[in-house]
Amino acid sequence: QVQLVESGGGLVQAGGSLRLSCAASGRTFSNVGMGWFRQAPGKEREFVTGISWSGGSTYYADSVKGRFTISRDNAKNTVYLQMNSLKPEDTAVYYCAASITPGVAGTVGAYDYWGQGTQVTVSS
């Protein structure tokens, strides 16, 4: 079992930045792949970015490439999402997820554990 708790969401103006954090507990954190997803009202949950167990591999959705950065600190059991140049279309609930597959996965079904989500709202 892996328990995930997100933090760092909030309201920000377009062009601003936020950093989300996801604290993990339970199963050995360094053995799991991690990802961030988001879900806007009326839309399906979509992949944002993922990172391998070592942090050596990352993958980003085209919509956030160059603006968002995922990282992890295995000593702190935490994964981060740095979001820069935010746009109103980035508004969503952001979810942290863990996959027992140590690599990078880009689909909802590849992840085994989910956090409760944190709201990010970007005003125009």
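Preceding this section is the structure that the text describes.
Residues numbered from 1 in each chain as written. Predicted model: local features only at pLDDT ≥ 70, side-chain atom pairs only at ≥ 80, totals over all residues. Heavy atoms only, no water.

Asks: Which parts of the structure should I look at to understand the side chain of Ser-52?
Replies: Examined against the element boundaries, Ser-52 turns out to sit in the loop between strand S5 (46-51) and strand S6 (58-60). Separated by 3.3 Å, the side chain of Ser-52 and the backbone nitrogen of Gly-56 make a polar contact. Beyond its immediate stretch of four places on either side in the chain, Ser-52 contacts Ser-57, Arg-72, Pro-102, Gly-103 and Val-104. (Helix = DSSP H or I, 4+ residues; strand = E, 2+ residues; numbered from the N terminus. Polar contact = N/O pair within 3.5 Å; in protein donor to acceptor, adjacent residues only side chain to side chain. Contact = heavy atoms within 4.5 Å.)

Asks: Would you take a moment to explain the nonpolar core for this structure?
Replies: Grouped together as the largest cluster of nonpolar side chains are 29 residues, with contacts concentrated most on Leu-4, Met-34, Trp-36, Phe-68, Val-79, Met-83 and Tyr-94. Going through the elements one at a time, strand S1 (2-7), strand S3 (18-26), strand S4 (33-39), S5, strand S7 (68-73), strand S8 (78-83), strand S9 (92-99) and strand S11 (118-123) are the ones with two or more residues in this core. If sequence neighbours within four positions are ignored, Tyr-94 has contacts with Glu-6, Leu-20, Trp-36, Phe-37, Arg-38, Val-48, Phe-68, Leu-81, Met-83, Gly-117, Thr-118 and Val-120. By size, the runner-up hydrophobic cluster in this structure holds five residues, among which are Phe-37, Phe-47, Ala-97 and Ala-105. (Core = buried A, V, L, I, M, F, W, Y, C linked by side-chain atoms within 4.5 Å. Buried < 20%, exposed > 50% of the residue type's maximum accessible area, 1.4 Å probe, protein only.)

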